[in-house]
Amino acid sequence: MCPFTSQIIHGDCREKLPELEDESIHLIVTDPPYFLDGLDADWKKGKKGTKRATGVVGSLPVGMKFDPKQGIALQAFMTEVSGLMIRVLKPGAFAVVFSQPRLVHRMAIGLEDAGFEIRDLYAWHFTRRAQFKAFSMAHFVNRMDKTDEEKEALKTKLGGRKTPQLRPQFEAMILAQKPRIGTFVENWRVHETGLIDASASLDGAAPSTVMTVEKPKRSHFNGHLTVKPVALVEHLIRLFSVPGQIVLDPFLGSGTTAVAAMRQGRACIGIEINGESVCIANRRVAIDE
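Residues numbered from 1 in each chain as written. Predicted model: local features only at pLDDT ≥ 70, side-chain atom pairs only at ≥ 80, totals over all residues. Heavy atoms only, no water.

Chemist: Would you explain the sheet that holds strand β10 (residues 267–272) in this entry?
Modeler: Strands in a sheet are paired, the pairing made by backbone hydrogen bonds, and the direction either parallel or antiparallel. Taken together, eight strands build an open sheet; the order of strands is β1-β10-β9-β2-β5-β7-β6-β8 and the sheet is mixed. The open sheet has two edge strands with one neighbour each: β1 (6–10) and β8 (210–212). Looking at each pair of strands side by side, their axes are set apart by 20° on average, direction ignored. Strand direction decides the pairing type here: strand β2 (residues 25–30) and strand β9 (residues 246–249), joined by two bridges, are parallel. Residue pairing for β9: leucine 27 is matched across the bridge by valine 247. The strands that helix α6 (residues 184–191) touches are β2, β5 (89–99) and β6 (117–125); relative to β5, the one it contacts most, it runs at about 95°. Helix α8 (residues 256–263) contacts β1, β2, β9 and β10 of the sheet and is inclined by roughly 175° relative to β10. (Pairing = 2+ DSSP bridges. Helix = DSSP H or I, 4+ residues; strand = E, 2+ residues; numbered from the N terminus. Axes fitted to C-alpha atoms, helices over the stretch in contact; angles between N-to-C directions. Contact = heavy atoms within 4.5 Å.)

Okay, structure coming up:
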């Protein structure tokens, strides 16, 4: 595969990753599904043939229908996928994995159980106003079998308190590393992996664990629910790889990693199970070429 190109593969990464060569990838940047909203086999929200808002589980906001089994399922899924990812990475290579904050521990354990070393935790910080998802109790009080006076008294006692969800302003990113062979220098001499480019910067300062980049606006043809900023992924690619190397995204979504890799002079292999997202990714790459 030549540098500056993208190969977008339609399929389940659990089936497609085994087709890649051992130790052929220099960096993984990816945003797996978080198992929050009952994703179907195509990683769509809700049941097949239905659409559902990203902040809703069933008819309730996320958090109102809290199910610890979501995290357990995510951990098992990530352990399986991480085992496939670590095989294709070169020794010492990094994987940057986005995670919903409350499930980051499950994501990290899945990576670690597959053999990755957890090196750090980063925050993608955004200031653009996000939805405040805390849910009022008034609706539920009104449905209780109590007199109007008792309901009003209970509402007063509650004092306007809501479910425990503050307005989100960051997403977590796990930095995992495949164990290197020998020292940092020895591993770099053979594989050119395992060290960071400390000159890569978002704001002129030394790279830090908090990366502030605004959420992207949706384009007229890209309705993907969790599009990441190209500038953020470009920064990650600069930090953890070298021009001409190969970046892999097993959950390509609408193609942000492919676009960012091309802009930074890296090749990209992207795997995406959802056919609609594959079409969007191909279109974005074609526009950017």
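Chemist: Is there a simple way to think about the packing of α8 against helix α9 (residues 275–288) in this case?
Modeler: Packed helices, taken two at a time, are described by the angle between their axes plus the distance between the axes. Contact pair α8 / α9: the axes reach a minimum separation of 9 Å and the direction vectors enclose 20°. Comparing the axis directions of α8 and α9 gives the class roughly parallel. Of the two elements, α8 crosses α9, and the hand of that crossing is right-handed. Contacts from Thr256, Ala258, Val259, Met262 and Arg263 of α8 reach α9 at Arg284, Val285 and Asp288. Residue composition of the contact of α8 with α9, by class: four nonpolar, one polar and three charged. (Parallel < 35°, antiparallel > 145°, perpendicular 65-115°, else oblique. Left-handed = near helix turned anticlockwise from the far one by under 90°. Nonpolar A, V, L, I, M, F, W, Y, C, P; charged D, E, K, R; others polar.)

Chemist: Help me understand helix α3 (residues 104–113), please; the structure alone is not making it clear to me.
Modeler: Residues that lie three or four places apart on an α-helix share one face, since the helix turns once every 3.6 residues. For α3, the full list of buried residues reads Val104, Met107, Ala108, Gly110 and Leu111. One side of α3 carries all its buried residues, which in axial view fall inside an arc of 160°. Tucked inside the fold, the buried residues of α3 contact α2 (69–88), β5, β6 and β7 (170–177). Just beyond α3, the residue with positive phi is glycine 115, at close to 115°. (Buried < 20%, exposed > 50% of the residue type's maximum accessible area, 1.4 Å probe, protein only. Arc of directions from axis to C-beta.)

Chemist: Would you take a moment to explain the packing of aromatic side chains for this structure?
Modeler: Following the criterion strictly, the structure yields six aromatic pairs and no others. Relative to tryptophan 124, the ring of phenylalanine 98 has its centre 6.4 Å away and its plane inclined at 90°; by these criteria the two rings are edge-to-face. Of the two residues, phenylalanine 98 is situated in strand β5 and tryptophan 124 in strand β6; the sequence distance between them amounts to 26 residues. With respect to class, phenylalanine 98 is no different from tryptophan 124; both count as buried. Here the aromatic residues Phe94, Tyr122 and Phe240 are joined through ring pairs into a cluster of three or more. (Phe/Tyr/Trp six-rings, centres within 6.5 Å; stacked < 30°, edge-to-face > 60°.)

Chemist: What should I look at first to understand the layout of surface pockets in this one?
Modeler: Where empty space is left can be seen by rolling a probe of water-molecule size over the atoms. If you add up the space inside the second largest pocket, you get close to 240 Å³. If you go around the second largest pocket, you meet 17 residues; those closest to its centre are Asp120, Tyr122, Leu175, Ile196 and Phe240. The set of elements that each furnish at least two residues to the lining of the second largest pocket consists of β6, β7 and α7 (230–240). Taken together, the residues that form the lining of the second largest pocket break down as ten nonpolar, five polar and two charged. (1 Å grid on protein atoms, 1.4 Å probe; cavity = no way out; pocket = protein on both sides within 12 Å on 5 of 7 lines; lining within 4 Å. Points joined across faces, edges and corners; volume = space filled by probe spheres on them.)

Chemist: I tried to follow the pairing of β10 on my own but got confused; where do I start?
Modeler: If a strand is regular, its side chains alternate between the two faces of the sheet. The element β10 is largely enclosed, with a buried count of six among its six residues. Judged by which residues are buried, β10 turns out to be covered on both faces: Ala267, Ile269 and Ile271 on one side and Cys268, Gly270 and Glu272 on the other are all buried. Summarising the sheet, β1 and β10 pair through five bridges and their orientation is parallel. Within β10, the residue paired with isoleucine 8 across the bridge is glycine 270. By the bridge criterion, four bridges tie β9 to β10 in an arrangement that is parallel. Paired with valine 247 across the bridge in β10 is cysteine 268. What joins β9 to β10 is α8, and the crossover it makes is right-handed. (Right-handed = clockwise from strand over helix to strand, strands pointing away.)

Chemist: Help me out: how do you make sense of the environment of alanine 138 in this one?
Modeler: Following the sequence through the fold, alanine 138 ends up in helix α4 (residues 138–142). Along the backbone, alanine 138 and arginine 161 are 23 residues apart, and their C-alpha atoms lie at a distance of 9.4 Å.

Keep in mind these numbers describe shape, not what the thing actually does.
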